[in-house]
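# Breakdown of the fold
Chain by chain, the residues run as shown.
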Amino acid sequence: MHGEYRRTTLTGNGPNTRTSREGQIMVDYSPALMTDMYEYTMLDAALKDGTANRPCVFEIFTRHLPEGRRYGVLAGTGRILDALEHFHLDDEDLAFLADRKIVSKETLAWLKDFHFTGSIKGYREGEMFFPNSPVLQVEGTFGECTLLETLLLSILNYDSAVASAASRMVSAAKDRPCMDMGGRRTNEWAAVAAARAAVVGGFQGTANLLAAQLYGLKAIGTAAHCFTLVHDSEREAFESQINALGKGTTLLVDTYNIEEAVKTAVEVAGPDLGGVRIDSGDLAAMAQRVRNELDALGATSTTITVTNDLDEYALAALQTAPVDSYGVGTMLVTGSGAPTCAMVYKLTERENANGVMEPVAKKSKDKATVPGRKLAYRSYEYNLADCEHVISGSESKLADFHAPDDWKDLLVQYVDHGEINHEYQGHDAIVNAHNYRAKALAELPITAQSLMKGDPAIPTETTVL
């Protein structure tokens, strides 16, 4: 199984049962209902007036990056593909729509056997994006494309926000690994999505076991302060943890007095103690004192992990401290102050009444869009990216466009007429995205990794053919 869409329920007659009892806690759900109601009411009206079957092209992009950010990291496309595999309505879902009178009987019949049959292309997971980058393009009938809007945006906006924050944190941490510990700081399902997105953004593992199970991620974690407090002494707590997990475990040393805890930890485990974790105080100063103490006690290979409300700025401030790894929570799962990428889903081309595909665009003040389907490339000079090129036009005009040989094509095919490319799902896809992010970031000007506010690392030029 690629994602978290399960046909099971927490109550009922068995793992595959469903019930419509009000107030039941469900983990059985369809991503086809993870949407806004107006998508179904638009579908209903469009089926009645005949426009639901018009071929269309929708595009996802952001008009701007979070203030001062130099780039974004795309994440979530693998989760979109997981969701598309389950994007259909069963009898109970249809009954819900009927009972609420959300759509007509004719639309219910249309939805009964619905599966997405269109095509999707976009940027790779782990790719850098900028204002107006066409990170995802969805092609199909108006009816099927409009149903996807909220689901696609909710996944890409959140996952890309987390991956973008993670990437900035990884840059600030230099070569020291960062781990996701944010599960207790967000919604339970958002925690799973954040763990996956964090790894796309450069993190090495997660404390969230469900994310580790679903996506094959490295799981990390040992003990909290309560484990020390439940024992009659810190020594007994350390002895218990080492007896259970071995000398290679990491002991939390700031429940009482850090200096005494480190001394006790080495006495209990010996110089082969795996690691210690510091979760409070002046982390740089404490890490230095703990490193010196460990070395003096002969535990020269014992590692130091620090946690406690870290963000990219705190990580940058710790670059000279003798820290070996970081655990990041709240600021990771909230996008480090930018919990969304402000991505939008806009219709850019549709078939007109004469059966001809026609570019369309909004002209609203400050919300105008560029008409037509898109190609996207990145150009380079001296092996560094210098510009994002977005080429817009009709299908025939784009077919005749020939990019320079040294431009990189940024678009890949995710879905082809309903057929999902499974290369972009599962554990291997996450690893590939993780590695691709590092490569793509290294191709940007070094100013991209600055934590100071500034303009996007490279400009975006849009050409309408």
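Cut-offs and rules
Residues numbered from 1 in each chain as written. Predicted model: local features only at pLDDT ≥ 70, side-chain atom pairs only at ≥ 80, totals over all residues. Heavy atoms only, no water. Disulfide = S-S within 2.5 Å. Salt bridge = Lys/Arg side-chain N within 4 Å of Asp/Glu carboxyl O. Helix = DSSP H or I, 4+ residues; strand = E, 2+ residues; numbered from the N terminus. Buried < 20%, exposed > 50% of the residue type's maximum accessible area, 1.4 Å probe, protein only. Axes fitted to C-alpha atoms, helices over the stretch in contact; angles between N-to-C directions. Parallel < 35°, antiparallel > 145°, perpendicular 65-115°, else oblique. Left-handed = near helix turned anticlockwise from the far one by under 90°. Contact = heavy atoms within 4.5 Å. Nonpolar A, V, L, I, M, F, W, Y, C, P; charged D, E, K, R; others polar. Pairing = 2+ DSSP bridges.

### Some details on the state of the cysteines
Linking two cysteines covalently via their sulfur atoms produces the bond known as a disulfide. All chains considered together, the criterion is met by 0 disulfides. Here C56 stays free of any disulfide, with the sulfur of C145 as its closest cysteine sulfur at 6.4 Å.

### What to know about the pattern of salt bridges
Applying the stated criterion across every chain, the model contains 19 salt bridges. Close ionic contact of R373 with E139 constitutes a salt bridge, the shortest N to O distance being 3.2 Å. Of this pair, R373 sits in strand β14 (residues 373-381) while E139 sits in strand β5 (residues 136-141); the two residues are 234 residues apart in sequence, bridging distant segments of the chain. Given a relative accessible area of 7%, R373 falls into the buried group.

### Side note on the packing of helix α2 (residues 77-84) against helix α6 (residues 149-173)
Between α2 and α6, the shortest axis-to-axis distance is 9 Å and the interhelical angle comes to 155°. The pairing of α2 with α6 is recorded here as roughly antiparallel in orientation. Considering only the axes of α2 and α6, their crossing is right-handed. Here T77, R79, I80 and A83 of α2 lie close against α6, whose contacting residues are L151, L152, I155, L156 and D159. Split into classes, the residues belonging to the contact of α2 with α6 amount to 6 nonpolar, 1 polar and 2 charged.

### As for the environment of A269
Along the chain, A269 falls in helix α11 (residues 258-269). Look at A269 and you get buried, because its relative accessible area is 2%. Each C-alpha atom, one on A269 and one on N243, is 9.5 Å from the other, the two residues being 26 residues apart in sequence. Ignoring anything within four residues of it in the chain, the contact list for A269 reads I242 and K247.

### Some thoughts on the environment of M181
Structurally, M181 can be placed in the loop between β6 (178-180) and α7 (188-200). If sequence neighbours within four positions are ignored, M181 has contacts with A207, I220, T307, G327, V328 and G329.

### Notes on the sheet that holds strand β1 (residues 55-62)
Across the sheet, 7 strands lie side by side as β13-β12-β1-β5-β3-β17-β18; this open sheet has antiparallel pairing. Each edge of the open sheet carries a strand with a single partner, namely β13 (357-359) and β18 (419-420). In this sheet, β5 lies alongside strand β3 (residues 119-123) in antiparallel orientation, the contact comprising 4 bridges. By the bridge assignment for β5, S119 is matched with E139. Strands in contact with α2 are β3, β5, β17 (411-416) and β18; relative to β17, the strand with the most contacts, it is inclined by about 10°.

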